Amino acid sequence: MNRLADQVAIVTGAASGLGKAISLRYAAEGAKLVAADKNEKKLAELSEIIQNQQGTITTVVADMLDGSQIVHMVRTAVAAYGTVDILVNNAGIMDNFYPVADVTDELWDRVMRINLDAPFKAMREVLPLMLAKGSGVIVNIASVGGLEGARAGAAYTASKHGLVGLTRNTGYVYAKAGIRCNAIAPGAMNTDIGATIDMSKVPAIINERIMPGMALNPRASDPAEVANLALFLASEEASFINGAVLVADGGWTAY
């Protein structure tokens with residue numbers, strides 16, 4: 001039995017990495033998928049895969065830096081399928097491990113706008129739809145960097161801590177309205193996001209203070225492993241899980 005049969009699910013950052021893995025998993029479980037990403041070519045490749053597997057998909061080229069494109073993403077879902085049942089805020093960027101003294105206004109603003117502002121705006125856009133029908137699920141992709149202080153740079157750490165707080169507040173406030181909001185906190189993962197880090201530019205203080213802890217990580221996950229958790233949280237199997245942050249890091253933060 002398909003666990004997401006006829007559920008309309010939006011996934012941001014859907015064309016690669018974890019977003020792609022979640023999209024494939026959701027489509028395989030019967031979801032009507034709305035895949036959003038700024039990479040039109042990779043979206044087309046994802047669409048072809050899902051259609052070949054007899055899945056249902058609508059793609060939206062959307063840059064999470066642009067609030068109007070986030071609104072368009074949700075309106076596209078409604079136009080195609082009539083509603084939104086599930087929102088997965090997956091799109092995100094790293095910050096090259098820069099500490100506060102090295103963070104420019106431009107870097108701070110970009111990280112915050114993509115990692116925190118965009119999920120907030122997408123949630124604000126879908127919540128009226130969910131409130132009107134008394135049901136809905138939001139899954140935010142946070143990070144162990146949103147729970148700990150030394151897994152990334154200052155901007156990324158702050159943005160993911162903010163997303164964790166937003167998740168918990170939303171889950172609690174709307175619990176009696178039939179809406180669940182949870183977050184996943186992955187550890188290291190084999191995705192494209194790591195390619196955005198230029199290790200040659202990582203400041204010496206980071207190599208001294210943070211990098212030794214990276215050696216404690218048992219391994220990086222495959223995106224499909226974390227996608228399984230995203231499927232669980234979106235399904236009725238997780239009906240009593242709300243306002244929670246589920247860590248998926250292979251035991252890294254247990255040390």
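Presented here is an overview of the structure given in this document.

Cut-off values and rules
- Residues numbered from 1 in each chain as written.
- Predicted model: local features only at pLDDT ≥ 70, side-chain atom pairs only at ≥ 80, totals over all residues.
- Heavy atoms only, no water.
- Helix = DSSP H or I, 4+ residues; strand = E, 2+ residues; numbered from the N terminus.
- Rg over C-alpha atoms; globule rule 2.2 N^0.38 Å.
- Buried < 20%, exposed > 50% of the residue type's maximum accessible area, 1.4 Å probe, protein only.
- Contact = heavy atoms within 4.5 Å.
- Lys, Arg positive; Asp, Glu negative; His and termini not counted.
- Charge placed at Lys NZ, Arg CZ, Asp CG, Glu CD.
- Right-handed = clockwise from strand over helix to strand, strands pointing away.
- Pairing = 2+ DSSP bridges.
- Axes fitted to C-alpha atoms, helices over the stretch in contact; angles between N-to-C directions.
- Core = buried A, V, L, I, M, F, W, Y, C linked by side-chain atoms within 4.5 Å.
- Phe/Tyr/Trp six-rings, centres within 6.5 Å; stacked < 30°, edge-to-face > 60°.
- Lys NZ or Arg CZ within 6 Å of the ring centre and 35° of its normal.
- Parallel < 35°, antiparallel > 145°, perpendicular 65-115°, else oblique.
- Left-handed = near helix turned anticlockwise from the far one by under 90°.

## Some details on the overall build of the protein
On a plain count of helices and strands, the protein comes out with eight helices and seven strands. Against the compact-globule benchmark of 18 Å for 255 residues, the protein has a radius of gyration of 17 Å, which places it among compact chains. Counting only C-alpha atoms and orienting by the principal axes, one finds that the protein spans roughly 50 × 40 × 35 Å. Sorting the 255 residues of the protein into buried and exposed places 49% on the buried side. Sequence separation of at least 24 residues holds for 75% of the intrachain contacts in the protein that already meet a minimum separation of 6. In the protein, 21 positive and 25 negative side-chain charges are present, and the distance between their average locations comes to 4 Å.

## A closer look at the pairing of strand S6 (residues 179-186)
Where burial is concerned, most of S6 is hidden: eight out of the eight residues are buried. Here S6 shows two buried faces, one formed by Ile179, Cys181, Ala183 and Ala185 and the other by Arg180, Asn182, Ile184 and Pro186. Once you follow strand S5 (residues 136-141) into helix H5 (residues 154-173) and on to S6, the crossover reads as right-handed. Bridge analysis of S6 against strand S7 (residues 245-248) gives four bridges, and the strand direction is parallel. The residue of S7 that forms the bridge with Ala185 is Val247.

## Some words on the sheet that holds S7
Across the sheet, which stays open at both edges, the seven strands sit in the order S3-S2-S1-S4-S5-S6-S7 with parallel pairing between neighbours. Each of the sheet's edge strands pairs with one partner strand only, and the pair in question is strand S3 (56-61) and S7. When strand polarity is set aside, the average angle formed by the axes of neighbouring strands in this sheet is 15 degrees. Together, strand S1 (8-12), strand S2 (32-37) and S3 form the strand contacts of helix H3 (residues 67-81), whose direction differs from that of S3 by roughly 155 degrees. H5 rests against S5, S6 and S7 of the sheet, and its axis sits at about 155 degrees to S6.

## Quick notes on unusual backbone geometry
Positive phi, close to 65 degrees, is recorded for Asp6, a residue that is not glycine. Along the chain, Asp6 falls in the segment before S1. Looking at Asp6, the relative accessible area reads 54%, which means it is exposed. In this structure, Gln54 is a non-glycine residue whose phi angle is positive, near 65 degrees. By the secondary structure assignment, Gln54 is in the loop between helix H2 (40-52) and S3.

## Examining the nonpolar core
Ile22, Tyr26, Ile86, Val88, Val139 and Ile184 are the most contacted members of the largest nonpolar core, which totals 33 residues. Residue assignment for this core shows that the elements contributing at least two residues are S1, helix H1 (17-28), S2, H2, strand S4 (86-89), S5 and helix H8 (223-234). Among the elements that line this core, the one with the most residues is H8, at seven residues. If we skip the residues at most four places from it in the chain, Val139 touches Tyr26, Leu87, Val88, Asn89, Asn182, Ile184, Ala230 and Leu233. One finds Leu116, Ala122, Val126 and Val164 within the second-largest nonpolar core, a separate group that totals 32 residues.

## Regarding the packing of aromatic side chains
Working definition: an aromatic ring pair is given by the centre-to-centre distance plus the angle between the planes. Taken as a whole, this structure holds zero aromatic pairs when the rule is applied. Just above the ring of Trp252 sits the side chain of Arg151; from NZ or CZ to the centre is 4.6 Å.

## Describing the side chain of Thr58
Looking at where Thr58 falls in the secondary structure, it is placed in strand S3. Contacts of Thr58, omitting those with residues within four sequence positions, involve Leu33, Val34, Ala35, Thr76, Ala80 and Tyr81.

## Points about the packing of H1 against H8
Relative to each other, H1 and H8 sit at 50 degrees, their axes nearing to 8 Å. With respect to their mutual orientation, H1 and H8 come out oblique. Crossing angle aside, the handedness with which H1 passes H8 is right-handed. Contacts between H1 and H8 involve Gly17, Leu18, Ala21, Ile22, Arg25 and Tyr26 from the first element and Pro223, Ala224, Val226, Ala227, Asn228, Ala230, Leu231 and Ala234 from the second.

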